[in-house]
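Notes for the structure review
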Amino acid sequence: MNFVNSMAFTAITFVAFTALVALISWWKTRGDNLDTQDGYYLGGRSLTGPVIAGSLLMTNLSAEQLVGNNGQAVRVGMSTMGWEVTSAVALVILAFVLMPKYLKTGLTTVPQFFEQRYDEGTRRLVSIIVLLSYVVIMLPNILYAGAQVFVNIFGIDEMFGISRFAAIAIVCVATAIIGSIYAIFGGLKAIALSDSINGLGLIVGGLLVPVFGFMFLSGQLGGDGSFMDGFDKFLHTNPSYLNAINEVNTPEPWLPWPLLFTGLLVNNMYYWATNQSIIQRTFGAKNLKEAQKGSLLTGLTCVFCPIFLVAPDVIQFIYYRTVPAVSAGRHQHLPQSDVGLLRRSGSGHRCYGYFGSAHAELRTEGCHHCPYRMLWPDDEPSAVPLPVL
């Protein structure tokens, strides 16, 4: 094995990409005024469409999404793509229906809407419920899923001779610290910039995984090891697994097709149109046009996300047709499907994409769901409507 294909090269490129993202984020925000609440929580209302889109994408593709989507894809195939593809509908509604209303009223947090519609007590009640749900339910899952990826890819437990539990705990703490640094010292703009770079690295590295996966599949199934031969085997070895439309009576974890237009649509509307950690980026846009541009660009990207979210694990299923990994638990599938391919491609930036996805949501909640900010409305940034153009 040459150096470029070694795990050492992957680790070096991962560290280098991590440092590069931190340096760029610091450089681009070094002169920003973070003393005001608009400057800290809304990025000075200066975010552009591409930055908003990159940050929305990275927050969406947090660790539990990456690991969960891949794990589900191993079991049910391409129908898993329904989670991401249908997001485009909610984002279009957000851009053209809800965003003009949000920005016209000058909202800076979702709970502020409840105060305008009802009263201060309702605002605080909603804030407490949201904070508890993130602290108790969501963030532990995100940290655990991200840690699973790193322990599997780098073999941290074996490298340091510690238990798997200890390795996962160490990675969780490290991820939390790094994510907190971004949130505490950088504010929303630093988070959005770093998310955009992370998202680019994740997409570029993510697209390499199915490419190398097709080549690997070709070689393992008696082909010539080429991309096109692997793609042909991907299409014809088990065509039923590429079916994205499930029957009405299919059980969990399959997605019956009516679900795409009912429960899944409601779920996406909540997630993309009312979730504080998501739409906060759009609140920080310089104007309505940029907020809409960011939302629509995110929706377009979501349509193509299955290429690197779902396809790699369909490749894994085809190769391991008996699916031995299922018994290990679905959370193991993403690391298993990527570890060999990462070693072949030296994709340290793909590893950082996973790392970034793990702490993207963490630092997002740290900045957007600040308890002081959400519970005490008197300190809310001034509700100044954004310009439409």
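Residues numbered from 1 in each chain as written. Predicted model: local features only at pLDDT ≥ 70, side-chain atom pairs only at ≥ 80, totals over all residues. Heavy atoms only, no water.

A general tendency of soluble globular proteins is for nonpolar side chains to be buried together. One finds Leu-94, Met-99, Tyr-102, Trp-272 and Ile-279 to be the most contacted residues of the largest nonpolar core, which totals 22 residues. Where this core is concerned, the elements lending two or more residues are helix H3 (49–60), helix H6 (87–105), helix H12 (263–273), helix H13 (276–283) and helix H14 (288–304). It is H6 that provides the largest number of residues to this core, a total of six residues. For Leu-94, the contacting residues outside a window of four places in its chain are Met-99, Pro-100, Tyr-102, Trp-272, Ala-273, Ile-279 and Ser-295. The next biggest cluster of nonpolar side chains, apart from the first, holds 20 residues, and it includes Ala-73, Phe-234, Leu-309 and Ala-311. (Core = buried A, V, L, I, M, F, W, Y, C linked by side-chain atoms within 4.5 Å. Buried < 20%, exposed > 50% of the residue type's maximum accessible area, 1.4 Å probe, protein only. Helix = DSSP H or I, 4+ residues; strand = E, 2+ residues; numbered from the N terminus. Contact = heavy atoms within 4.5 Å.)

Before going further, it helps to examine the side chain of Ser-79. Relative to the assigned elements, Ser-79 resides in the loop between helix H4 (63–76) and helix H5 (82–85). Classification of Ser-79 as buried rests on a relative accessible area of 2%. When residues no more than four places from it in sequence are discounted, the contact partners of Ser-79 are Asn-243, Ala-244, Asn-246, Trp-254 and Leu-255.

Residue position: Leu-200 is located in helix H10 (residues 164–220). Look at Leu-200 and you get exposed, because its relative accessible area is 56%.

A separate point is the confidence of the model for the protein chain. When pLDDT is averaged along the protein chain, the result is 75; 72% of the residues meet or exceed 70. Averaged over each element, pLDDT in the protein chain is lowest for helix H19 (residues 371–375) (42) and highest for H14 (91). Below a pLDDT of 50 lies the segment residues 339–350, which in the model reaches 42 contacts outside its immediate sequence neighbourhood of four places, other chains included. Ignoring residues within four places in sequence, the model shows residues 363–389, a span with pLDDT below 50, making 93 contacts including any to other chains. (pLDDT = per-residue confidence, 0-100.)

Let us now look at the packing of aromatic side chains. Taken as a whole, this structure holds nine aromatic pairs when the rule is applied. With a centroid separation of 6.3 Å and 5° between ring planes, the pair formed by Phe-227 and Phe-231 is classed as stacked. Remark: Phe-231 and Phe-227 occur in helix H11 (residues 227–236); sequence separation between them is four residues, near one turn of the helix. Given the relative accessible area of 30%, Phe-231 is considered partly exposed. Ring geometry for Tyr-241 versus Phe-317: centroids 3.8 Å apart, planes at 10°, classification stacked. Taken together, the residues span a long stretch of sequence, with Tyr-241 in the loop between H11 and H12 and Phe-317 in helix H16 (residues 311–319) at a distance of 76 residues. Taking the relative accessible area as the measure of exposure, Tyr-241 reaches 9% and is therefore buried. Taken together through their ring pairs, the aromatic side chains of Phe-214, Phe-227, Phe-231 and Phe-234 make up a single cluster. (Phe/Tyr/Trp six-rings, centres within 6.5 Å; stacked < 30°, edge-to-face > 60°.)

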